[in-house]
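Breakdown of the fold
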Amino acid sequence: MIDAKRRILLKGSLGAGAIGVAVTAGLITPSTVLAAWPEAAFKATDPASALKGLLGTDATETSDQVMIKAPDIAENGAVVPVTVESSAEGVKSISIIASGNGTPLIASFELGENAAPFVSTRIKMAKTADVVAVVQTDAGILSAAKPVKVTIGGCGG
Amino acid sequence: MSNIKIRAKASNGVTTVKSLMSHEMETGLRKDKKTGEAIPAHFIQEVTAKWNDQVVMTALWSSGVSKNPYLSFKFNGGAAGDTVEITWVDNKGASESATAEIS
């Protein structure tokens, strides 16, 4: 029963992928899309499609202008503190991805005019994996990854 | 009484906000140990932070954010006595809001 529902959700997210295409084609301005919760991105089951759903592309550039702070070893995957900062100019959004999770996109922070490029929160991680910080700037999309070893996963029961 | 705790501190022209929300952040993957039935997903989807009347940050979340979420962010500007308002909306449409003065 539950599995059946999940299949439907997956189908739904494939359909919603079309919205991402519309965004890149300039049919919908990103601001109107981002105002709503990007369901397709959050339902995506791999980091690349999550990024496509969120930002319209999965092309990111690894950059030392993105600083990500997370523990080397997380004893409890249910609570992993993550801090992302950036020294880049014109940061529009910061997203956090746990690559090993069933649905990798954890959070996306849209920064207003006065916001400083800094966010800190606590996330769940299903297993040992990279935590990826993706920073969207005027000049392009930058990213940095930090491997976190998880001893007890924090997503299931 | 609201279940959002906010601390905001201005220093050298930058305000640092730290907040704790109380929410179960259920993923929908866990099963009830007694009945074996899945516990439905229930999590905060959107958090809006305002400085006075200006939105400084909108956070879009999945259920991958830990239970009883902690959120810290910074913004340029802000002075003692200004207000910071944090509002969340969850996937069931419930919402909660709280304000704090910058110290």
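Rules used in this analysis
- Numbering of residues starts from 1 in each chain and follows the order in which that chain's sequence is written.
- To read the labels, note that chains go from A and ligands from 1, taken in the order they are written.
- Per-residue local features of the predicted model are confined to residues with pLDDT of at least 70, and side-chain atom pairs are confined, for both listing and counting, to 80 or more; whole-chain, interface and lining totals are unaffected and use all residues.
- Derived side-chain values reflect all non-hydrogen atoms in the structure, with water molecules and hydrogen atoms excluded from consideration.
- Note on classification: 1.4 Å probe, protein chains only; a residue is buried when its accessible area is under 20% of the maximum for its type, exposed when over 50%, partly exposed between these limits.
- Secondary structure is summarised from DSSP: a helix means a run of H or I of at least four residues, a strand means a run of E of at least two, and numbering begins at the N terminus for each.
- Think of it this way: DSSP has to see at least two bridges between two strands before they count as a pair.
- For the purposes of this section, nonpolar cores are sets of buried Ala, Val, Leu, Ile, Met, Phe, Trp, Tyr and Cys residues that join through side-chain atoms within 4.5 Å.
- The contact definition used throughout considers only heavy atoms, calling two residues in contact when any of these lie within 4.5 Å.
- For this analysis, a polar contact is any N or O atom pair within 3.5 Å, provided that within protein one partner can donate a hydrogen and the other can accept it, and provided that sequence-adjacent residues contribute only side-chain to side-chain pairs.
- Confidence of the predictor at the level of single residues is given by pLDDT, which spans 0 to 100.
- UniProt positions are given in the numbering used here, feature names are shortened, and annotations may be inferred rather than shown by experiment.
- Each Phe, Tyr or Trp ring, with Trp reduced to its six-membered ring, pairs with another whose centre is within 6.5 Å; inter-plane angles below 30 degrees give stacked pairs, above 60 give edge-to-face pairs, and intermediate values give tilted ones.
- Criterion for a charge above a ring: Lys NZ or Arg CZ within 6 Å of the ring centre, and within 35 degrees of the ring normal.
- Any Lys or Arg side-chain nitrogen found within 4 Å of a carboxyl oxygen on Asp or Glu counts as a salt bridge.
- Two parts placed together each lose some accessible area; with a 1.4 Å probe, that loss summed over both constitutes the buried area.

Residues and elements named next belong to chain B. Residues V84, I86, W88 and D90 line the buried face of strand β6 (residues 83-90), whereas the alternating positions T83, E85, T87 and V89 sit on a face that is not buried. As defined by bridge partners, strand β3 (residues 44-51) adjoins β6 across seven bridges and the pair is classed as antiparallel. Note on β6: the bridge partner recorded for V47 is W88. The pairing of β6 with strand β7 (residues 95-101) spans seven bridges and is antiparallel. Within β7, the residue paired with E85 across the bridge is T99.

Another aspect to go through is the nonpolar core. Membership of the largest hydrophobic core comes to 67 residues, with the highest contact counts inside it found for V84 and F109 of chain A together with W61 of chain B. A per-element tally of this core places strand β8 (residues 129-137) of chain A first, with six residues. Setting aside anything within four residues of it in sequence, one finds V84 of chain A in contact with V66, M67, I68, I94, I96, P117, F118, V119, A133 and V135 of chain A.

Along the chain, the position of S108 of chain A falls in strand β6 (residues 105-111). On the basis of relative accessible area, S108 of chain A is assigned to the buried category, the value being 2%. Side chain to side chain, S108 of chain A and S95 of chain A meet in a polar contact 3.2 Å long. Setting aside chain neighbours within four positions, we find S108 of chain A in contact with F42, L54, I94 and S95 of chain A together with T58, A59 and L60 of chain B.

Here we take up the confidence of the model for chain A. In the predicted model, chain A carries a mean pLDDT of 83, and 75% of its residues have values of at least 70. Long-range and interchain partners of residues 13-34 of chain A, a stretch whose pLDDT sits below 50, account for 15 contacts in this model, where long-range means more than four residues apart.

Let's shift gears to the UniProt feature "domain: Sulphur oxidation protein SoxZ" (unreviewed entry) in chain B. As recorded in UniProt, the feature "domain: Sulphur oxidation protein SoxZ" (unreviewed entry) lies at residues 6-100 of chain B. Secondary structure content for residues 6-100 of chain B is 0% helix and 54% strand, and the end C-alpha separation is 6 Å.

Note: most residues except glycine have negative phi, and most peptide bonds are trans. Residue and element names in this part refer to chain B. One non-glycine residue, M25, lies in positive phi territory at about 50°. As for its placement among the helices and strands, M25 is situated in the loop between β2 (14-21) and β3. On the basis of relative accessibility, which here comes to 1%, the residue M25 falls in the buried class. For N68, which is not glycine, the phi torsion reads 50° and is therefore positive.

How two aromatic rings sit relative to each other is given by the distance of their centres and the angle of their planes. In the structure shown here, the tally under the stated rule is three aromatic pairs over all chains. Seen from their ring centres, W37 of chain A and F43 of chain B are 5.8 Å apart, and the 45° between their planes marks the pair as tilted. Of this pair, W37 of chain A sits in the loop between α2 (30-34) and α3 (39-43) while F43 of chain B sits in the loop between β2 and β3, each in a different chain. Judged by its relative accessible area of 8%, F43 of chain B is buried. Ring pairing ties together the aromatic residues W37 and F42 of chain A together with F43 of chain B, which thus form one cluster. Here K74 of chain B stacks its cationic end above the ring of F118 of chain A, 4.3 Å away from the centre of that ring.

Turning next to the pattern of salt bridges. Where charged atoms from two side chains of opposite charge approach closely, those side chains can pair. Residue and element names in this part refer to chain A. Taken as a whole and assessed by the stated rule, the structure comprises three salt bridges over all chains. In this structure, K43 engages E39 in a salt bridge whose closest nitrogen and oxygen atoms are separated by 3.0 Å. Taken as a pair, K43 and E39 lie in helix α3 at a separation of four residues, close to a single helical turn. Using a relative accessible area of 43% as the deciding quantity, one classes E39 as partly exposed. The salt bridge involving D72 is made with K146; its shortest N-O contact spans 2.6 Å.

Attention now goes to the interface of chain B and chain A. Listed by partner, the interface residues are 32 residues for chain B and 33 residues for chain A. Between chain B and chain A, a total of about 2600 Å² is buried, with carbon and sulfur atoms accounting for 53% of that surface. If you look at where chain B meets chain A, you find zero salt bridges. On the surface where chain B and chain A come into contact, there are 18 residue pairs in polar contact (both at pLDDT 80 or more). Looking at the side of chain B that touches chain A, the elements that each hand over two or more residues are β3, β4 (54-61) and β5 (70-76) of chain B. Here strand β7 (residues 115-123) of chain A runs beside β5 of chain B; their pairing, made up of five bridges, is antiparallel. Pairing of V119 of chain A across the sheet is with F73 of chain B, part of β5 of chain B.

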